[in-house]
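Each chain is listed here by its residues.
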Amino acid sequence: MRKSTKRVFALFTACALMASLTACGGTQDQTADNSGEQTATLSGAVATGGSTSVEKVIGALSESFMESNPDVDVTYDPTGSGAGITGAADGTLDLGLSSRSLKEEEAAQGLKETTFALDGIAIVVNKESPVTDLSLEQIKGLADGTITNWSEVGGNDAPVVLIGREAGSGTRDGFESIVGVEDTCKYEQELTSTGAVIAGVAANPNAFGYASLSAVDDTIKAVTVDGVEASEATVQDGTYKIQRPFIFVTKDGEELSAQAQAFVDYATSDAADELITAAGAVPLA
C-alpha cells in the first residue's frame, strides 16, 4: 500500500511539472536566451513578411535561430513594407517587416516598431556610367525631372532614366522622404522588388535607381553621396545621409507567442551582429 501511494504521488508530481512547462499554449517548455543557444524547447511557427530589402538579413537570422531551435519554423513572405505593416495590424503576421519607420497614422492604429538593423539606401547607376559622386541636391534634381540629361552632372550626353520601387515600398518611401521628392519622382519604371531595380539599372546605361545597401552587387555601381560612401561605418556614424531602419512591426500591448518573442530577442541581441553584417546590413551601434 505504501509503494502504491508513492507511485501515485510521483505520477501527480510529474503531471504537475508537465502542465507547468506547457502552460503557454505548448510553445515553450523553458525560456530561450538572447544568444540563440538552445536553453529551452520552443516549438511552433513565427510568420514574418513585408519588406523585400530585409530578405538577406531575415534569412540569416531565421536560419541561425532555427538551428538552435529546431522545433520552430520561421517563415518569410517578401511582400513589401506596406503589406508587412498591414499584416501586423490585421494579425495575419506575427512580425511585420518594414524598411522604414512607422508613420504617425500607423502608430496611431496601435502598432509599435522595434529596430533590429540599419541600412543605407545606395544610389546606383549603370556600370558604364562615368558618374561616381552626386550631391543630395543633384539626386533630387535627377529624381524629380529638374535634371534631365546626365551631362548636367558630369555624365554622358544622354537622358536620365529613373528606375524605382512601387508605391508602398519602404525603400521608395525612405529614398523619397530623405531626398525630399515625395510624389514628385519621374519614374520610367516602378518595380516590385529591390532585385528587379538592380537588374533594370544594370540593363540600361542611362538608368539610375536606389537599392538597399545589402542588395548592391557587382552588376551595378553605387555612387558616393556628397563624397561619402555607403558603408557600415558611415551608416552607423550618420555621415551617410540616405539611410533607414529595418524594423519589426507588432501590435502595441499584445503579447507575442513565446517563439516569436524569442526570435525578436535574438535578432536584437549582440549575438546577431555578425550575421547582420555578413548579410550586408548594419547592426545597431
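Just above, that's the structure.
Because the structure is predicted, anything quoted here is derived from the model rather than measured.

## A look at the overall build of the protein chain
Right, so step 1: Along the protein chain, the regular secondary structure elements total 10 helices and 11 strands.
Right, so step 2: Counting every position in the protein chain, which comprises 285 residues, the buried fraction comes to 45%.
Right, so step 3: Long-range contacts, defined here as pairs at least 24 residues apart, represent 73% of the contacts in the protein chain between residues at least 6 apart.
Right, so step 4: Of the roughly 13,300 Å² of accessible surface on the protein chain, a fraction of 50% belongs to carbon and sulfur atoms.

## Notes on the pairing of strand S3 (residues 95-98)
Right, so step 1: Here S3 shows no split at all, with Leu95 and Leu97 on one side and Gly96 and Ser98 on the other all buried.
Right, so step 2: Here strand S1 (residues 44-50) pairs with S3 via three bridges, running parallel. The residue of S3 that forms the bridge with Gly49 is Gly96.
Right, so step 3: Where S3 lies against strand S11 (residues 243-251), three bridges are found, and the strand directions are antiparallel. What sits directly across from Leu97, in S11, is Phe248.

## Describing the environment of Asp226
Right, so step 1: When you line up the elements, Asp226 lands in the loop between strand S10 (224-225) and helix H8 (232-236).
Right, so step 2: Note: C-alpha distance between Asp226 and Gln138 (88 residues apart in sequence) is 9.6 Å.
Right, so step 3: Those residues in contact with Asp226 that lie beyond four places of it in its chain are Asp133, Leu134, Ser135 and Leu136.

## Let's talk about the environment of Asp71
Right, so step 1: Within the secondary structure layout, Asp71 lies in the loop between helix H2 (55-68) and strand S2 (72-78).
Right, so step 2: A relative accessible area of 47% places Asp71 in the partly exposed class.
Right, so step 3: The sequence separation of Asp71 and Thr41 amounts to 30 residues, and the corresponding C-alpha distance is 7.6 Å.
Right, so step 4: The contact partners of Asp71, leaving out residues within four places of it in the chain, are Thr41, Leu42, Ser43 and Gly44.

## A closer look at the pattern of salt bridges
Right, so step 1: Counted according to the given criterion, the structure contains six salt bridges.
Right, so step 2: Measuring nitrogen to oxygen at the nearest pair gives 2.8 Å for the salt bridge that ties Arg100 to Glu106. Of the two residues examined, Arg100 and Glu106, each falls in the buried class.
Right, so step 3: Residue Arg172 pairs with Glu190 through a salt bridge whose shortest N-O separation is 2.6 Å. Of this pair, Arg172 sits in helix H6 (residues 170-179) while Glu190 is found in strand S7 (residues 187-191), placing the two residues 18 residues apart along the sequence.

## Thoughts on the nonpolar core
Right, so step 1: Counting 31 residues, the largest nonpolar core has Ile123, Trp150, Phe175 and Phe208 as its most contacted members.
Right, so step 2: Contributing elements (two or more residues each) for this core: strand S4 (111-126), helix H5 (136-144), H6 and strand S8 (207-212).
Right, so step 3: Top element by residues in this core is S4. It accounts for four residues.
Right, so step 4: With residues near it in sequence (within four places) discarded, Phe208 still touches Ile123, Val124, Val125, Leu142, Ala143, Trp150, Val160, Val161, Leu162, Ile163 and Val201.
Right, so step 5: Among the nonpolar cores identified, the runner-up in size contains 26 residues, and Leu61, Val74, Leu95 and Ala258 belong to it.

## Here's the deal with unusual backbone geometry
Glycine aside, negative phi is the norm for most residues, and most peptide bonds take the trans geometry.
Right, so step 1: With a phi close to 65°, Asp183 is a non-glycine residue in the positive phi region.
Right, so step 2: As for its position among the elements, Asp183 is in the loop between H6 and S7.
Right, so step 3: Take Asp183: its relative accessible area is 76%, and that puts it in the exposed class.
Right, so step 4: In this structure, Asp226 is a non-glycine residue whose phi angle is positive, near 50°.

## Here we look at the packing of H2 against helix H9 (residues 258-267)
Right, so step 1: Where H2 meets H9, the closest approach of the two axes is 11 Å, and the angle between their N-to-C directions is 115°. Like other packed secondary-structure pairs, H2 and H9 cross with a definite hand, here right-handed. Residues Ile58, Leu61, Ser62, Ser64 and Phe65 of H2 form the contact with H9, whose own contacting residues are Gln259, Ala262, Phe263, Tyr266 and Ala267.
Right, so step 2: Here the residues of the contact of H2 with H9 are counted per class, giving seven nonpolar, three polar and no charged.

Reading the values: rules and limits
- Residues numbered from 1 in each chain as written.
- Predicted model: local features only at pLDDT ≥ 70, side-chain atom pairs only at ≥ 80, totals over all residues.
- Heavy atoms only, no water.
- Helix = DSSP H or I, 4+ residues; strand = E, 2+ residues; numbered from the N terminus.
- Buried < 20%, exposed > 50% of the residue type's maximum accessible area, 1.4 Å probe, protein only.
- Contact = heavy atoms within 4.5 Å.
- Areas by Shrake-Rupley, 256 points an atom, 1.4 Å probe, with all protein chains shown as cover.
- Pairing = 2+ DSSP bridges.
- Salt bridge = Lys/Arg side-chain N within 4 Å of Asp/Glu carboxyl O.
- Core = buried A, V, L, I, M, F, W, Y, C linked by side-chain atoms within 4.5 Å.
- Axes fitted to C-alpha atoms, helices over the stretch in contact; angles between N-to-C directions.
- Left-handed = near helix turned anticlockwise from the far one by under 90°.
- Nonpolar A, V, L, I, M, F, W, Y, C, P; charged D, E, K, R; others polar.

By themselves these figures say nothing about function.
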